[in-house]
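Given next are the chains, with one letter for each unit.
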Amino acid sequence: MGQESQTTHLRILGDMDDKTKYPTVPGAIGVFDSGYGGLTILEQIRNTLPEYDYIYLGDNARTPYGTRSFDVVYRYTLECVTHLFSLGCHLVILACNTASAKALRSIQQRDLPRIAPNRRVLGVIRPTVEAVGKLTHTRHIGLLATTGTVQSESYPLEIQKLHEGIAITSEACPMWVPLIENNEHRSEGADYFVRKNLQHLLAADPLIDTIMLGCTHYPLLLEKIKQYIPQGVTVVPQGHIVAQSLADYLRRHPEMDVRCTRGGSCRYLTTESTEKFSSCASIFLQQEVQAEHIDL
């Protein structure tokens, strides 16, 4: 971290030292996103592990995170994670590529050892990269993501760590999230932007045979994406991968598994208005949900 980031880090920890007494009894699994896209991750997790309890927290009042600095994303993400801890969550999933790219490492390495050494925070980038390396035959991968995720270079860095020799080409798609959140992802306008971004990506590297969807909103555009890619190119959404990774994590960590309650319930929390959250959430879940407003 730079000097500004270190100062923010110390200030946040100082604020928490006096007031943080997290519940020690078992609790729900926390799922966090800056907005609504994480609902696609939550849906797949609940399909895979329906017996567990979940709390979804959307920081919708401060979204989007993608255009914000590393320091701000770190601060916002840490606030949301610690709020989920205060509600009894022992395990929190950052179902947000931007938060995973800009905040996860700092929280894992700097914050948890001091404020919550027995709690865990996991992201979506590493399990996606682990899976995608096994799918490519040409060893040329494409990434479709928000501008913030592309600029973070988190995916290329993880690819280099785990899969030496795989080439990755990234394409920022700034219009895709607004199209989805305004329920325009089925429109002809959406076709224009999907086609344009895919053409640009595949022109940059015609050897790409696997494309990662590096934003949790993008599965809602999956059918359109498939229309504009050549045969033999595999598109990889994150939801199923993250869900399987979480199931594997709980199998390998029984000490964490016993801290997660099983009642099949799900609470939805938002920093925005509950009416707006419920309306937008229905786009992602195809059902109405009742949300609770929180202040951070």
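Keep in mind it's a predicted model, so treat the numbers as computed, not measured.

This brings us to the state of the cysteines. Within the structure shown, the criterion is met by zero disulfides. Here Cys 89 is not cross-linked by a disulfide; its sulfur's nearest cysteine counterpart is in Cys 260, at 8.7 Å. In this structure Cys 89 comes out as buried when scored by relative accessible area, which is 0%. Not engaged in a disulfide, the cysteine Cys 96 finds its nearest cysteine sulfur in Cys 215; these two sulfurs lie 8.1 Å apart.

So, about the sheet that holds strand β7 (residues 210-213). Taken together, four strands build an open sheet; the order of strands is β6-β5-β7-β8 and the sheet is parallel. A strand with exactly one partner marks an edge of an open sheet, and here the two such strands are β6 (167-172) and β8 (234-236). Across this sheet, the average inter-strand angle for adjacent strands is 20°, counted without regard to direction. Sheet analysis places β7 next to β8, joined by three bridges and oriented parallel. In the sheet register, Thr 210 faces β8, and the bridge partner there is Thr 234.

Glancing now at helix α12 (residues 239-252). One turn of an α-helix holds 3.6 residues; hence residues three or four places apart share an orientation. The terminal C-alpha atoms of α12 lie 20 Å apart, and with 14 residues this matches the ideal 20 Å at 1.5 Å per residue to within 8%. When α12 is considered as a whole, its buried residues turn out to be Gly 239, Ile 241, Val 242, Ala 243, Leu 246, Ala 247, Tyr 249 and Leu 250.

About the thresholds
- Residues numbered from 1 in each chain as written.
- Predicted model: local features only at pLDDT ≥ 70, side-chain atom pairs only at ≥ 80, totals over all residues.
- Heavy atoms only, no water.
- Disulfide = S-S within 2.5 Å.
- Buried < 20%, exposed > 50% of the residue type's maximum accessible area, 1.4 Å probe, protein only.
- Pairing = 2+ DSSP bridges.
- Helix = DSSP H or I, 4+ residues; strand = E, 2+ residues; numbered from the N terminus.
- Axes fitted to C-alpha atoms, helices over the stretch in contact; angles between N-to-C directions.
- Expected span 1.5 Å × (residues − 1).

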